[in-house]
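Take a look at the letters that make up each chain.
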Amino acid sequence: MGKNKDSMSEGEVGMDENETASPTIRDRIEQANENAGTMSVFKNPDLLDPNYVVDSDRIVGRDEQLDGVISVLREALNGSRPRNMLLFGGSGTGKSLITKAVSEEIETMCDTQDISFGMIYLQCQNVDTFDRAIFELVQNAAAKVNVDPRVPKKGISAKAKFDRLFEIIDDHYDITLFALDEIDKLRGSSGSEPAFSKLLYQLTRAGPQGNIDTKVSVAALSNDVQFMHELDGRAESSFDPEDIHFGDYDAGEIRDILNHRKDAFKSGALGEGVIPLSGALCGQNNGDARKAINLLWEAGKLADQEGDGQIEQEHLRRSETEVDINRIETVICGLSPQKKMSLFATAAVKEYGNVSPVQSTVGFNIYCWLTESLNADQLGRETYVKYLRELSDYSILNSHRKGYGQGAGVMRVFEFDRETEMVLEAIRRDDRFSKISEDELKAVVRAQLNKFE
Ligand SMILES: Nc1ncnc2c1ncn2[C@@H]1O[C@H](COP(=O)(O)OP(=O)(O)OP(=O)(O)O)[C@@H](O)[C@H]1O
Ligand SMILES: [Mg+2]
């Protein structure tokens, strides 16, 4: 008693004056940080963040699309309302980047001419209903002009939210561009008119209705151009967009994009052939620049973890599988448990039965087995097929009808675009699926296939 903490520790450790003190936690943290800094291959990792809007000198290979978007949005510089636009194309083809980059520039240029132009952005991917979409638009508009949004999430009508949205933009902008990114994901509850159709209708008729002075224009960005066919006739005619197509990149274009971001890494940290290999891996498969950039990022992290100081082709190859799983996982994460079970069952038939395409009858039987094993509700075969057909939007699988010769009729079948091993692995990362025994599942798949042979 009576000893203070310091004297106690000194006495008990019994440290000799000549001994050097062991490093404190702070010393260790500083040392670890310094080591990570010197060893790390990264210099400016922000350049590899997919949401970072790079300067225009880093945008390559999209002249036609840039010109297309510019020819529409430059109308704002004359104080006119730009036409509505539909930007469509595969994943990672530059739709979001180019919309944001051109809008930012138009905002700045309008500013110098005393025209207030504002782009209000909405990422629809995680917005599930029409009501939520308007709520998010109010939040984004309010944050952009720095005012209180003054709308609660629940308890007020969509109309009241819309009124607040229009009040905000009307107070601040001469011209407003709503950029609705990944609009095809905004479906809302099934059975009713898709939420994207309602939203497009409400936004595009805002100007012509004449209740507000700000001129309203809408840019919709989508992977799936089919969504246009689902628009209600009124929405289609009031949206009536200028189409701008974004094709997939080839290996050379991906290489070019990466070469313009080399300074994300320290000089000499990119080993020989790494960028060409990224281009080849991504250009051949899907022409997706996001995937290529992500691959470099993952390869860099791997090189750092292993303390190698340089990214080699081998890091890239090892990262590729992880990147693919993460990507599939991102899509899968947003699926309902029933959709996950439908997909899991079908992928299991391909993977463990080694058959392609997978017949819907076999896949559905495995789905039924799965629902019993997981003690989940069992939906009908039509719903199972409908879910899988919807999943073809996400480039995981595709569905078609196939004839099986005389007497056997025509059957709905599913063919996978991705390694099913990865699909299964990504779904297993959801805890509920981890209790499915792989051996048991294999046996059930084989038994089912034998039955149908
Ligand atoms: N032409 C390009 N030049 C430079 N970087 C590009 C180009 N195209 C795409 N990128 C980069 O690739 C990544 C993906 O691009 P972006 O997000 O614009 O794709 P997207 O078409 O919107 O894809 P998704 O449909 O999946 O949303 C981003 O990091 C972006 O900066
Ligand atoms: Mg995008």
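Placed above this text is the structure.
What you see is a predicted model; the values in this text were computed from it and never measured. (Residues numbered from 1 in each chain as written. Chains lettered and ligands numbered in written order. Predicted model: local features only at pLDDT ≥ 70, side-chain atom pairs only at ≥ 80, totals over all residues. Heavy atoms only, no water.)

1. A look at the sheet that holds strand 7 (residues 397-403)
- With respect to topology, three strands assemble into an open sheet ordered 6-8-7, the strand pairing being antiparallel. Two strands bound the open sheet, and with one partner strand each, they are strand 6 (358-359) and strand 7.
- As judged from the seven bridges shared by strand 7 and strand 8 (residues 410-416), these two strands associate in the antiparallel manner. From the neighbouring strand, asparagine 398 faces strand 8, where its bridge partner is glutamate 415. (Pairing = 2+ DSSP bridges. Helix = DSSP H or I, 4+ residues; strand = E, 2+ residues; numbered from the N terminus.)

2. Brief notes about the environment of glycine 309
- Counting through the fold element by element, glycine 309 comes out in the loop between helix 11 (289-305) and helix 12 (313-333).
- Each C-alpha atom of the pair glycine 309 and asparagine 354 lies 41 Å from the other, and the pair is 45 residues apart in sequence.
- Other than its neighbours up to four places away in sequence, glycine 309 contacts Met39, Val41, Ala269 and Ala303. (Contact = heavy atoms within 4.5 Å.)

3. Observations concerning helix 3 (residues 63-73)
- Among all positions of helix 3, only Gln65, Leu66, Gly68, Val69, Val72 and Leu73 are buried. When helix 3 is viewed along its axis, its buried side chains cluster within an angular range of 160 degrees and face the same direction. Residues of helix 3 that are exposed and point over 90 degrees away from its buried face: Asp63, Glu64 and Asp67. (Buried < 20%, exposed > 50% of the residue type's maximum accessible area, 1.4 Å probe, protein only. Arc of directions from axis to C-beta.)

4. Section: the state of the cysteines
- One pass over the full model with this rule turns up zero disulfides.
- The thiol sulfur of cysteine 333 is not disulfide-bonded, and the nearest other cysteine sulfur, from cysteine 124, lies at 19 Å. (Disulfide = S-S within 2.5 Å.)

5. Re the site of ligand 1
- Ligand 1 sits among 21 residues. The nearest are Val60, Gly92, Lys95, Ser96 and Tyr249.
- Measuring from an oxygen atom of ligand 1, one finds a side-chain N or O atom of glutamate 182 at 3.2 Å.
- With respect to ligand 1, the side chain of tyrosine 249 contributes an N or O atom lying 2.6 Å from a nitrogen atom.
- Across the complex, the protein chains shield 97% of the 630 Å² of accessible surface that ligand 1 would expose by itself.
- Broken down by secondary-structure element, the contributors of at least two residues to the shell around ligand 1 are helix 4 (95-112) and helix 11.
- Summarising the domain contributions, the shell around ligand 1 has at least three residues from each of domain 1 (45-49 + 250-331) and domain 2 (62-246). (Near = heavy atom within 4 Å. Polar contact = N/O pair within 3.5 Å; in protein donor to acceptor, adjacent residues only side chain to side chain. Areas by Shrake-Rupley, 256 points an atom, 1.4 Å probe, with all protein chains shown as cover. Domains from an automatic or database assignment.)

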